[in-house]
Amino acid sequence: MARALGEDLAQEDSSSLGSDSELNGPSPYRQADRYGFIGGSSAEPGPDRPPADLIRQREMKWVDMTSHWEKTMSRRYKKVKIQCRKGIPSALRARCWPLLCGARVCQKNSPGTYQELADARGDPQWMETISRDLHRQFPLHEMFVSPQGHGQQGLLQVLKAYTLYRPEQGYCQAQGPVAAVLLMHLPPEEAFWCLVQICELYLPGYYGPHMEAVRLDADVFTALLRRLLPRVHQHLQRAGVGPLLYLPEWFLCLFTRSLPFPTVLRVWDAFLSEGAKVLFRVGLTLMRLALGTAEQRRACPGLLETLGALRAIAPSQLQEEIFMSQVHSVALSERDLQREIRVQLAQRAESSPGPHPQLQARLPGAQAIFEAQQLAGARGSPKPELPQIVVQPPEESRPPRRKPQTRGKTFHGLLPRARGASLEGAPRAHRSSVSFLDTRF
């Protein structure tokens with residue numbers, strides 16, 4: 001299925017700027033926009049872009065959070081999530097993405113691993129497939145225009161390194177656009193470790209040879225459509241549009257081929273923070289925008305018209321601020337998603353009682369990844385030394401006293417008194433002025 005999907009994706013390269021002829025190439029007079037796309041429409045800030053003062057304030061917040069990352073993730077993750085939903089400033093994505101997905105820790109724990117993989121000789125089968133796909137990844141971006149440029153060569157090294165790092169999974173053609181977006185912001189080594197984290201922790205089982213996790217999430221998405229958008233679900237059933245006709249391109253490519261590039265970056269900010277839940281929210285939002293009204297559904301009586309409507313959403317509705325506000329308002333929590341996954345797994349077990357492939361559990365976002373890495377680091381580190389408690393012996397020896405019986409007695413019964421002396425004549429014991437909470441060992 002992975003090879004067939006890759007061939008389908010290769011047939012039409014719908015980047016955020018459309019598709020010019022690769023043979024003619026871009027015209028020399030065309031300029032690149034602020035994201036690096038030649039002749040793009042994002043050269044000037046959009047009408048919904050935050051003002052410069054607000055962007056600087058957000059940059060300072062991210063600088064402060066990333067300067068004390070462990071403390072921030074341990075105590076203030078809610079603030080991190082809120083700032084990710086507002087959008088990470090463009091100048092700081094190269095700093096924030098590796099921290100969010102845990103790639104910085106992986107790179108630190110495996111020094112020299114990427115360089116060894118990049119210098120090694122790749123599998124000829126995968127190398128041939130990867131080489132054929134290089135020019136298809138964002139052909140109008142200035143990094144990937146030239147076959148000998150650092151963009152295509154860096155993409156070749158990153159994808160080859162992953163096939164050597166996980167030879168049992170190999171290469172899936174949908175990894176190309178994901179790695180290309182990472183290389184637009186990161187050096188090849190950091191892009192490689194981010195790709196590893198996405199493939200193994202955020203979306204495990206997506207890019208393997210059988211893609212079982214994609215099939216499971218397709219069933220989960222259908223169930224969520226039935227519950228949250230019942231009329232859209234009924235229309236898709238009547239038109240014969242199954243989830244595998246549109247969902248793999250959305251989820252496998254992380255919407256890099258389906259949304260304007262500024263919106264793609266905002267989706268990635270939220271995805272790296274909150275996990276796969278964001279992909280389902282984005283997919284449900286696209287469904288509502290394309291087929292949410294009765295007029296839209298009547299205009300799409302068949303399969304081709306419905307699939308065309310999913311790709312023809314008005315650009316004004318996909319602008320980053322407007323679109324992301326709708327994404328975050330979708331009533332889908334991580335608990336709802338996990339519950340639906342368990343339901344679908346139980347239904348699979350009932351329908352086919354035979355053995356099923358074991359699916360690796362994915363981690364729900366940056367906080368879970370941070371906690372898992374902290375726990376792994378604690379287990380791998382040497383056992384910390386326990387503080388020694390030194391008890392000073394008493395100055396003069398005293399005979400041991402039996403524990404007094406205090407049941408049913410007042411506090412005065414605990415006061416020491418001489419044998420045979422009256423209670424009135426006994427001096428009261430003075431309690432220490434040092435509180436128990438101030439006792440130090």
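Residues numbered from 1 in each chain as written. Predicted model: local features only at pLDDT ≥ 70, side-chain atom pairs only at ≥ 80, totals over all residues. Heavy atoms only, no water.

Trainee: Looking at this model, I keep getting lost on the overall build of the protein. Mind explaining?
Mentor: Of the regular secondary structure elements, the protein holds 21 helices and zero strands. The contacts of the protein with a sequence gap of at least 6 include a subset with a gap of at least 24, amounting to 73%. A total of about 25000 Å² of accessible surface is found on the protein, and carbon and sulfur atoms cover 53% of it. (Helix = DSSP H or I, 4+ residues; strand = E, 2+ residues; numbered from the N terminus. Contact = heavy atoms within 4.5 Å. Areas by Shrake-Rupley, 256 points an atom, 1.4 Å probe, with all protein chains shown as cover.)

Trainee: What is the right way to read the nonpolar core from this model?
Mentor: Note on soluble globular proteins: their nonpolar side chains tend to be buried together. Membership of the largest hydrophobic core comes to 114 residues, with the highest contact counts inside it found for Leu-203, Phe-221, Tyr-246, Trp-250 and Met-287. Other than its neighbours up to four places away in sequence, Leu-203 contacts Ile-198, Phe-251, Leu-254, Phe-271, Ala-276, Leu-279 and Arg-362. (Core = buried A, V, L, I, M, F, W, Y, C linked by side-chain atoms within 4.5 Å. Buried < 20%, exposed > 50% of the residue type's maximum accessible area, 1.4 Å probe, protein only.)

Trainee: Even after reading the chapter, I still don't get helix α12 (residues 212–228), so can you show me in this structure?
Mentor: Each turn of an α-helix holds 3.6 residues, which means side chains three or four residues apart point in the same direction. In a regular helix each residue adds 1.5 Å, so 17 residues correspond to 24 Å; α12 covers 24 Å between its end C-alpha atoms and thus fits that length. Taken residue by residue, α12 has Ala-213, Val-214, Leu-216, Asp-217, Ala-218, Val-220, Phe-221, Thr-222, Ala-223, Leu-224 and Leu-225 as its buried positions. Contact partners of the buried residues in α12: α13 (230–239), α14 (247–252), α16 (277–291) and α20 (334–351). (Expected span 1.5 Å × (residues − 1).)

Trainee: What is the right way to read the packing of aromatic side chains from this model?
Mentor: To describe a pair of aromatic rings, one takes the distance between the centres and the angle between the planes. In the structure shown here, the tally under the stated rule is 18 aromatic pairs. In textbook terms, an aromatic cluster arises when at least three aromatic residues are bridged by ring pairs, as seen for Phe-221, Tyr-246, Trp-250, Phe-251, Phe-255 and Phe-280. (Phe/Tyr/Trp six-rings, centres within 6.5 Å; stacked < 30°, edge-to-face > 60°.)

Trainee: Looking at this model, I keep getting lost on the environment of His-210. Mind explaining?
Mentor: If you trace the backbone, His-210 turns up in the loop between α11 (188–202) and α12. Along the sequence, His-210 and Gln-169 sit 41 residues apart, while their C-alpha atoms lie 9.3 Å from each other.

Trainee: Explanation requested: the confidence of the model for the protein in the structure shown.
Mentor: Regions with low pLDDT carry predicted coordinates that are not meant to be interpreted in detail. Looking at the protein as a whole, its pLDDT mean stands at 82, while 77% of the residues score no less than 70. Overall, residues 381–394 carries pLDDT values under 50, and its contacts beyond four positions in sequence, including any with other chains, amount to one contact. (pLDDT = per-residue confidence, 0-100.)

Trainee: Before we go on, may I ask you to explain the state of the cysteines in this structure?
Mentor: By definition, a disulfide links two cysteine residues through a covalent bond between their sulfur atoms. All chains considered together, the criterion is met by zero disulfides. Here Cys-106 is not disulfide-linked; the sulfur of Cys-101 is the nearest cysteine sulfur, at 7.7 Å. A relative accessible area of 18% places Cys-106 in the buried class. Just so you know, Cys-194 is unpaired, no disulfide at all, and the nearest cysteine sulfur is the one on Cys-101, 3.6 Å from it. (Disulfide = S-S within 2.5 Å.)

Trainee: What am I meant to see in unusual backbone geometry here?
Mentor: Working note: non-glycine residues mostly have negative phi, and peptide bonds are mostly trans. The backbone of Leu-254 shows a phi angle near 55 degrees, a positive value even though the residue is not glycine. Among the structural elements, Leu-254 can be located in the loop between α14 and α15 (261–274). Overall, the relative accessible area of 1% leaves Leu-254 in the buried class. The phi dihedral of Phe-255 is positive, around 65 degrees, even though this residue is not glycine. Structurally, Phe-255 can be placed in the loop between α14 and α15. With a relative accessible area of 0%, Phe-255 lands in the buried category.

Trainee: Would you explain the pattern of salt bridges in this entry?
Mentor: By the definition in use, this model includes 19 salt bridges. Notably, a salt bridge pairs Glu-128 with Arg-132, separated by 3.4 Å at the nearest N-O pair. Residue Glu-128 and its partner Arg-132 are located together in helix α8 (residues 124–133), separated by four residues, close to a single helical turn. The class of Arg-132 is partly exposed, set by a relative accessible area of 41%. With a closest N to O distance of 4.0 Å, Glu-168 and Arg-166 form a salt bridge. The class of Arg-166 is partly exposed, set by a relative accessible area of 23%. The network of salt bridges with common partners includes Arg-85, Glu-274, Lys-277 and Arg-281. (Salt bridge = Lys/Arg side-chain N within 4 Å of Asp/Glu carboxyl O.)

Trainee: Any chance you could explain the packing of α15 against helix α19 (residues 320–328) here in plain terms?
Mentor: If you want to describe how two helices pack, look at the angle between their axes and the distance between the axes. Close contact between α15 and α19 brings their axes to 9 Å; oriented N to C, the two are set at 35 degrees. Crossing of α15 over α19 shows right-handed handedness. Taken together, the residues of α19 that come into contact with α15 (itself represented by Pro-262, Thr-263, Arg-266, Val-267 and Ala-270) are Glu-320, Glu-321, Phe-323, Met-324 and His-328. Residues that form the contact of α15 with α19 fall into these classes: five nonpolar, two polar and three charged. (Axes fitted to C-alpha atoms, helices over the stretch in contact; angles between N-to-C directions. Left-handed = near helix turned anticlockwise from the far one by under 90°. Nonpolar A, V, L, I, M, F, W, Y, C, P; charged D, E, K, R; others polar.)

Trainee: Looking at this structure, how should I read α11?
Mentor: Counted at 1.5 Å a residue, the expected span for α11 with its 15 residues is 21 Å, and the 20 Å between its end C-alpha atoms agrees. Of all the 15 residues making up α11, 13 are buried; the element is thus mostly covered by neighbouring parts of the structure.

Trainee: What is the right way to look at the side chain of Gln-137 in this model?
Mentor: The residue Gln-137 is located in the loop between α8 and α9 (150–165) in this model. Within the local environment of Gln-137, its side chain forms a polar contact with the backbone oxygen of Asp-133, the two atoms lying 3.2 Å apart. In this structure Gln-137 touches Phe-144, Leu-155, Gly-176, Pro-177, Ala-180 and Arg-257, once residues within four positions along its chain are discounted. (Polar contact = N/O pair within 3.5 Å; in protein donor to acceptor, adjacent residues only side chain to side chain.)

Trainee: Honestly, the environment of His-235 in this entry has me stumped. Any pointers?
Mentor: With respect to the element layout, His-235 can be found in helix α13. Judged by relative accessible area, His-235 falls into the buried class, the value being 5%. Note: C-alpha distance between His-235 and Gly-302 (67 residues apart in sequence) is 9.3 Å. In contact with His-235, other than residues within four places in its own chain, are Leu-291, Arg-297, Cys-300 and Thr-306.

Trainee: Explanation requested: the side chain of Thr-222 in the structure shown.
Mentor: In this fold, Thr-222 is placed in helix α12. On the basis of relative accessibility, which here comes to 18%, the residue Thr-222 falls in the buried class. Residue contacts for Thr-222: discarding those within four places in its chain leaves His-233 and Pro-243.

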